[in-house]
Amino acid sequence: MVQAAERRTGRDETADERADRMWGELMQEIRVAQMGVQILFGFLLTVVFTPKYAHLGDTEKTIYIVTVVLGATATGALIGPVSLHRLVSGRRIKPRAVEWASRLTFIGLVLLLVTTASSLLLILRVATHDAFVPWLVTAVVAWYLVCWFVVPLWVRRRYTTK
């Protein structure tokens, strides 16, 4: 009897219950990411209206434009699951909605990573023109990759039972 309980893995839930649980978990995760991307994007939108913007070089203006577009796409991807849920709610396709919302969230996180890196590059280039800026940005991106992807994938591989 004990052996059967020890071997049992997972949850005792229906496909619909699992989809409901996964949807709730995904929404909690998205709330964190949405807050970050919205604050960053809001900040980026104001930069063009500051007096300092007129004095930026062409490279910095290009980095700024790319960063704003990346911020807009990250915002779209991370808010997309809310719209998806609203438009498919009641259609009895929640498991598929969870899959697509999860994909949008992952894309949004990748875009948020690139937006953050681009923002950091812009800010550090304006703050200092030292040659160490690309190295510093690379180190921060590597740290994000470790925190956001390497550790979770390692944990998934290490602790997932088959």
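Residues numbered from 1 in each chain as written. Predicted model: local features only at pLDDT ≥ 70, side-chain atom pairs only at ≥ 80, totals over all residues. Heavy atoms only, no water.

**Examining the overall build of the protein chain**
Across its full length, the protein chain carries five helices and zero strands. Taken over C-alpha atoms, the radius of gyration comes to 21 Å for the protein chain, far larger than the 15 Å a tight globule of 162 residues would show. Looking at the protein chain as a whole, 28% of its 162 residues qualify as buried. Accessible area for the protein chain stands at about 11,500 Å²; split by element, carbon and sulfur atoms hold 64% of it. Where the 19 positive side-chain charges of the protein chain centre and where its 12 negative ones centre are 3 Å apart. (Helix = DSSP H or I, 4+ residues; strand = E, 2+ residues; numbered from the N terminus. Rg over C-alpha atoms; globule rule 2.2 N^0.38 Å. Buried < 20%, exposed > 50% of the residue type's maximum accessible area, 1.4 Å probe, protein only. Areas by Shrake-Rupley, 256 points an atom, 1.4 Å probe, with all protein chains shown as cover. Lys, Arg positive; Asp, Glu negative; His and termini not counted. Charge placed at Lys NZ, Arg CZ, Asp CG, Glu CD.)

**Examining the environment of L104**
With respect to the helices and strands, the residue L104 is situated in helix α4 (residues 94-127). C-alpha of L104 to C-alpha of L78: the two residues are 26 residues apart in sequence and 6.6 Å apart in space. In contact with L104, not counting residues within four places along its chain, are A77, G80 and P81. (Contact = heavy atoms within 4.5 Å.)

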